[in-house]
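# Inside the fold
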Amino acid sequence: MTADAAQRYTAVAVALHWVMAAAFLLMLTSGLSMTYLDIDKSLKFNLYQWHKSLGVLLLAAFVLRIGWRLFHKPPALPAFMPRLEALAAKAGHIALYVCMIAVPLSGWAMVSSSVYGLPTIVFGWFEWPHIPKIAGNEAVNTAAKNAHWLLAWFFGLCIAGHIAAVIKHAVIDKHNLMPRMWFSGARCKKGETP
Ligand code: HEM
Ligand code: HEM
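Residues numbered from 1 in each chain as written. Chains lettered and ligands numbered in written order. Predicted model: local features only at pLDDT ≥ 70, side-chain atom pairs only at ≥ 80, totals over all residues. Heavy atoms only, no water.

## Topic: the overall build of the protein
Quick note on the threshold: Think of it this way: any DSSP run of H or I at least four residues long counts as a helix, any run of E at least two long counts as a strand, and we number them from the N terminus. Residue exposure (1.4 Å probe, protein chains only): buried if accessible area is under 20% of the type maximum, exposed if over 50%, otherwise partly exposed. Contact criterion: two residues are considered in contact whenever any of their non-hydrogen atoms come within 4.5 Å of each other. Each accessible area value is a Shrake-Rupley result obtained with a 1.4 Å probe; residue values ignore everything except the protein chains displayed when judging cover. Two residue types count as positive, namely Lys and Arg, and two as negative, namely Asp and Glu; His and chain ends fall outside the count. Charged groups are reduced to one reference atom each: NZ for lysine, CZ for arginine, CG for aspartic acid, CD for glutamic acid.
The helix and strand inventory of the protein stands at five helices and two strands. Taken from the N to the C terminus, the helices and strands of the protein come in the order α-α-α-α-β-β-α. A principal-axis box enclosing the C-alpha atoms of the protein has dimensions of 60 × 30 × 30 Å. Within the span of the protein, comprising 194 residues, buried residues form 34% of the whole. Long-range pairs, those at least 24 residues apart, make up 71% of the contacts in the protein with a sequence separation of at least 6. For the protein, the exposed area adds up to about 12,200 Å²; of that, 72% sits on carbon and sulfur atoms. If the 17 positive side-chain charges of the protein are averaged to one point and the 8 negative ones to another, these points end up 9 Å apart.

## As for the site of ligand 1
To keep it simple, the criterion reads: Throughout, near means a residue has at least one heavy atom within 4 Å of the molecule or strand. Any pair of N or O atoms that falls within 3.5 Å is considered a polar contact. Within protein, one atom must be able to donate a hydrogen and the other to accept it, and sequence-neighbouring residues count only if both atoms are side-chain atoms. Charged residues are taken to be Asp, Glu, Lys and Arg, nonpolar residues to be Ala, Val, Leu, Ile, Met, Phe, Trp, Tyr, Cys and Pro, and polar residues to be all remaining types, Gly included.
Surrounding ligand 1, one finds 21 residues, the nearest of these being H17, R69, Y97, H162 and R180. Measuring from a nitrogen atom of ligand 1, one finds a side-chain N or O atom of H162 at 2.8 Å. Here an oxygen atom of ligand 1 sits 2.5 Å away from a polar atom, N or O, in the side chain of R180. With five residues, the single largest contributor to the shell around ligand 1 is helix α5 (residues 138-171). Taken together, the residues that form the shell around ligand 1 break down as 15 nonpolar, three polar and three charged.

## Things to note about the coordination of the iron atom of ligand 1
Cut-off, in case you're wondering: Any N, O or S atom lying within 2.8 Å of the metal counts as a donor, with the limit raised to 3.2 Å for Na, K and Ca; because water is left out of the atom set, some sites can appear incomplete.
Only H17 (NE2) and H162 (NE2) from the protein reach the iron atom of ligand 1 as donors, at distances of 2.0 Å. Assessed through its relative accessible area of 27%, H162 is described here as partly exposed.

## Describing the coordination of the iron atom of ligand 2
Quick reminder of the rule: Geometry is assigned from donor-metal-donor angles: four donors are tetrahedral when every angle falls between 85 and 135 degrees, four are square planar and six octahedral when opposite donors sit over 155 degrees apart with all other angles between 65 and 115, and any other arrangement is irregular.
The iron atom of ligand 2 binds to the protein through H51 (NE2) and H148 (NE2), with metal-donor distances spanning 2.0 to 2.1 Å. Around the iron atom of ligand 2, the six donor atoms are arranged such that angles at the metal cover 86 to 180°; this shape is classified as octahedral. Here H51, found in helix α3 (residues 41-71), pairs with H148, found in helix α5; they are 97 residues apart in sequence, far enough to count as distant. By the burial criterion, H51 is buried, and H148 matches it.

## So, the packing of α3 against helix α4 (residues 83-113)
Keep this limit in mind: For helices, the fitted line uses only the C-alpha atoms of the stretch in contact; every axis is such a line through C-alpha atoms, and the angle between N-to-C directions lies from 0 to 180 degrees. Working rule for handedness: look at the near helix, and if it is turned counterclockwise from the far one by less than a right angle, call the crossing left-handed; if clockwise, right-handed.
At a closest axis distance of 9 Å, the pairing of α3 and α4 adopts a crossing angle of 145°. Between α3 and α4 the crossing geometry is left-handed. In this structure, α3 uses K52, G55, L59, F62, R65, I66 and R69 to contact α4, whose residues at the interface are Y97, M100, I101, P104, L105, W108 and V111. Here the residues of the contact of α3 with α4 sort into 10 nonpolar, one polar and three charged.

## A look at the environment of A15
Looking at the secondary structure, you find A15 in helix α2 (residues 11-36). Using a relative accessible area of 35% as the deciding quantity, one classes A15 as partly exposed.

## Concerning the site of ligand 2
Neighbouring ligand 2 are 25 residues; Y36, H51, H148, W149 and W153 lie closest to it. Here a nitrogen atom of ligand 2 and a side-chain polar atom of H51 are 2.8 Å apart. Between H148 and ligand 2, the recorded distance is 2.8 Å, taken from a side-chain N or O atom to a nitrogen atom. No other element matches α2, which puts eight residues into the shell around ligand 2. Of the residues in the shell around ligand 2, the class split is 17 nonpolar, six polar and two charged.

Written as structure tokens, this is what we have:
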């Protein structure tokens, strides 16, 4: 492996990062639109179905991603990063992983405990089961609904911080981290240590 390749995530990790990043951004947008926009009832219903469908698929994608992450060491953080910043980056990444599982799990618990008992038909393709034994449980439903709301907003904040950090490193520190999360390409300016 070349030194440059060693400073990048694996191709599988890169593919999972970008596909899931796009999907989570769509989830935040659809969740906010269906909750706060004054839109046609049938469009709202379809948006709920779409949100639930992509959401449960992301639960499955998370299992794949965390599995891959546990067996593939990520590249070491760049040496230029002060200790505190490196710690913040690690804490931020952990918070993102926690949100990636906790937000869809709370959504799943919410629909499973709803008194309406509406099924989740994944893109009209197959039925995703409800979590057993909580159907119609109002205490669970309220807790899950509050958790989903709170965690989704926290997730949005973590993503905004994550993107701001990448921009800060590129603009202020003059270290472009993007090639670390891409399939190929140079890292910092030629001759610089990472
Ligand atoms: C859309 C804009 C985004 C950009 C520009 C971006 C960029 C990056 C970059 C450059 C890295 C590598 C950091 C490094 O080690 O140098 C990274 C890592 C990471 N990103 Fe993003 N990202 C974006 C969105 C997201 C979203 C939406 C999520 C949440 C699902 C996310 C989750 C993560 C995680 C968890 C890591 C750490 C991976 C690990 O070390 O295990 N990113 N991102
Ligand atoms: C995968 C990540 C997910 C993200 C980022 C996400 C995001 C959101 C957001 C931002 C809202 C609006 C919250 C508010 O401000 O009130 C929302 C609402 C909602 N989400 Fe999700 N969601 C995800 C997964 C799921 C899943 C897996 C389900 C169910 C299977 C689900 C079901 C719902 C429902 C039913 C609502 C409406 C809640 C209400 O009526 O108050 N979500 N989601």
